[in-house]
Amino acid sequence: MKNLNRRDFFKTAAFGAAVATLGAKSAKASDKMLSEDRVGVLVDTAVCVGCRHCEWACKVAHNIPTKELETYSDSTVFKDYRRPDQSALTVVNQFENETNSLLPVNVKTQCMHCERPACVSACIVGALTKQEDGSVIWDDDKCIGCRYCMVACQFQIPTYDYDRSIDPHIRKCDFCHERRKEGQLPACVNICPNEALLFGKRSEILRVAKNRIKRKPDVYVNHIYGEQEIGGTSWIYIASKEFDKLKMPTLMKNPAPGISESIQHGIFAYFIPPVTLYALLRTIMWVSTRHKNSNSENHKDEKGEES
Ligand code: SF4
Ligand code: SF4
Ligand code: SF4
């Protein structure tokens, strides 16, 4: 991706200021009441053994070509850091454990199903939607392939079917929306042999996470990732290591959609060409990156307050 030059930045910043005024009202108007019973998953990275059965089950559930389950015990895959893509909606990465080299830290990655998802706000045709139960899903029929959601997502989750020349789609974890409608658990949660993934009401899994940290302060760092990051996420994490060392982005507490919603409405009000919009979205990422240091300080303060 091309970096934004200074001239582009000022052009897009001016546009951003204009649409921010417009968007303040619409952002508020689009606030949706989420169910108090909305669901989530607690990922306990201290319990995950890195078997990658979750990767396999996710592929099977979404008709993505896969190898035999036996091959998932091949640990050479951990040599390279991997991101979810069109061939795997979730992946597990392994990180060194400085205090116990025999117990590496395994981290499963997928869409976080943000409470206030930037991808939803950035989508100009409403192809991505936040559901009352907390999941963020998309509609292939509405998607026009503009890929603004890819730029807006601070977790770099939505991916694109680059391999498909005809009718390519955006791809990401859909929280096994269809399975859950039939009363089944998400495929990854269902198969996890070590109960590293706990599905339940978001409020309940938060309570469990807090209890685990309280009971084992020698095992876990005092931080529930996703409790507050960018307004909270449906998938939350606990770990034995600081999250920035697990390649999880350090993010502010405020949700990003206020800006994204402004963009969405600005497009229609000012007929902004896609190239300008793309540059503005890049600006948002740049601003977000600048916030990292100050947020890192926030986390330290929070940890101090909680302990
Ligand atoms: S992690 Fe990214 S793709 Fe998933 S809901 Fe949040 S903004 Fe959207
Ligand atoms: S919830 Fe479903 S789609 Fe998401 S990672 Fe798990 S198995 Fe894959
Ligand atoms: S199935 Fe469970 S234990 Fe195995 S890698 Fe996935 S989350 Fe970890």
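Remember, it's a predicted structure, so these values are computed and weren't measured experimentally.

**Student:** Describe the site of ligand 1, listing the residues and the values that go with them.
**Tutor:** In the vicinity of ligand 1, the contacting residues are Cys111, Met112, His113, Cys114, Pro117, Ala118, Cys119, Val136, Cys153, Phe155, Pro158 and Lys172. For the shell around ligand 1, the residue count by class is 10 nonpolar, 1 polar and 1 charged.

**Student:** Residues and numbers for the pattern of salt bridges, please.
**Tutor:** For the structure on display, the rule yields 11 salt bridges. Between Lys181 and Glu178 there is a salt bridge whose closest N-O contact spans 3.3 Å. Placement of both Lys181 and Glu178 in helix α5 (residues 177-181) is noted, with a separation of 3 residues, approximately one turn of the helix. For Lys181, a relative accessible area of 59% gives the class exposed. Between Lys210 and Glu227 there is a salt bridge, with its nearest N and O atoms 3.1 Å apart. Of this pair, Lys210 sits in helix α7 (residues 202-215) while Glu227 sits in the loop between α7 and β9 (235-238), and the two are 17 residues apart along the sequence. Look at Glu227 and you get partly exposed, because its relative accessible area is 23%. Through salt bridges with shared partners, a single network forms among Arg38, Glu115 and Arg202.

**Student:** Give a detailed account of the environment of His113, specifying residues and quantitative values.
**Tutor:** Note that His113 resides in the loop between β3 (105-109) and α3 (118-122). Sequence separation between His113 and Ser234 is 121 residues; the distance between their C-alpha atoms is 5.2 Å. Apart from the residues lying within four places of it in its own chain, the contact partners of His113 are Lys130, Gly134, Ser135, Val136, Lys172, Cys173, Asp174, Phe175, Thr233, Ser234 and Trp235. For His113, the side chain forms a polar contact with the main-chain oxygen of Cys173, separated by 3.5 Å.

**Student:** If you had to explain α7 to someone new, which residues and values would you point to?
**Tutor:** With 14 residues, α7 should cover 20 Å at 1.5 Å per step; its first-to-last C-alpha distance of 20 Å lies within 8% of that length. The inward-facing, buried residues of α7 contact β1 (39-44), β8 (197-201) and β9.

**Student:** Residue-level account of the sheet that holds β8, with values.
**Tutor:** Strands pair in a sheet through their backbones, by hydrogen bonds, and they do so in one of two ways: parallel or antiparallel. Ordered in space as β8-β1-β9, the 3 strands form an open sheet in which the pairing is mixed. The outermost strands of the open sheet, each flanked by one partner alone, are β8 and β9. With strand direction ignored, the average angle separating the axes of adjacent strands in the sheet is 25°. Bridge count for β1 against β9 is 4 bridges, and the pairing is parallel. Across the sheet, the residue bridging to Asp44 is Ile238, located in β9. The strands touched by α7 are β1, β8 and β9; relative to β8, the strand with the most contacts, the crossing angle is about 130°.

**Student:** Provide a residue-level description of the nonpolar core, including the pertinent values.
**Tutor:** Among the nonpolar cores identified, the biggest contains 33 residues, and Phe155, Leu197, Tyr225, Tyr237, Phe243 and Leu246 are the most heavily contacted of them. Listing elements by their share of this core, those giving two or more residues are β1, β2 (91-95), β3, α6 (187-191) and β9. Here this core gets 3 residues from one element, more than from any other, and that element is β1.

**Student:** I'd like a rundown of the confidence of the model for the protein chain, residues and numbers included.
**Tutor:** Confidence along the protein chain averages 81 in pLDDT terms, with 72% of residues attaining 70 or more. Contacts of residues 1-30 to residues separated by more than four positions or lying in other chains number 33 contacts, the stretch itself having pLDDT below 50. When the criterion is pLDDT under 50, residues 288-307 qualifies, and its contacts beyond four places in sequence or with other chains add up to 19 contacts.

**Student:** Would you mind going over the site of ligand 2 in detail, with residue names and values included?
**Tutor:** Within the structure, ligand 2 sits among 13 residues, and Cys58, His62, Cys173, Cys176 and Cys188 are positioned closest to it. Partitioning the shell around ligand 2 into residue classes produces 8 nonpolar, 3 polar and 2 charged.

**Student:** Can you break down the environment of Val77 residue by residue, with the values?
**Tutor:** Of note, Val77 is situated in the loop between α2 (53-61) and β2. Under the relative-accessibility criterion, Val77 is labelled partly exposed at 22%. Between the C-alpha atom of Val77 and that of Gln94, which follows or precedes it by 17 residues, the distance is 9.3 Å. Excluding anything up to four places from it in sequence, Val77 contacts Arg52 and Arg82.

**Student:** Describe in detail unusual backbone geometry, supporting the description with residues and values.
**Tutor:** Phi is positive for Arg147, which is not a glycine, with a value near 70°. Among the secondary structure elements, Arg147 is positioned in the loop between β5 (136-138) and α4 (148-152). Not every positive phi belongs to a glycine, and Phe175 is a case in point at roughly 60°. Tracing the chain through its elements places Phe175 in the loop between β7 (170-171) and α5. When its relative accessible area of 1% is taken as the criterion, Phe175 is described as buried.

Thresholds, definitions, all that
- Residues numbered from 1 in each chain as written.
- Chains lettered and ligands numbered in written order.
- Predicted model: local features only at pLDDT ≥ 70, side-chain atom pairs only at ≥ 80, totals over all residues.
- Heavy atoms only, no water.
- Near = heavy atom within 4 Å.
- Nonpolar A, V, L, I, M, F, W, Y, C, P; charged D, E, K, R; others polar.
- Salt bridge = Lys/Arg side-chain N within 4 Å of Asp/Glu carboxyl O.
- Helix = DSSP H or I, 4+ residues; strand = E, 2+ residues; numbered from the N terminus.
- Buried < 20%, exposed > 50% of the residue type's maximum accessible area, 1.4 Å probe, protein only.
- Contact = heavy atoms within 4.5 Å.
- Polar contact = N/O pair within 3.5 Å; in protein donor to acceptor, adjacent residues only side chain to side chain.
- Expected span 1.5 Å × (residues − 1).
- Pairing = 2+ DSSP bridges.
- Axes fitted to C-alpha atoms, helices over the stretch in contact; angles between N-to-C directions.
- Core = buried A, V, L, I, M, F, W, Y, C linked by side-chain atoms within 4.5 Å.
- pLDDT = per-residue confidence, 0-100.

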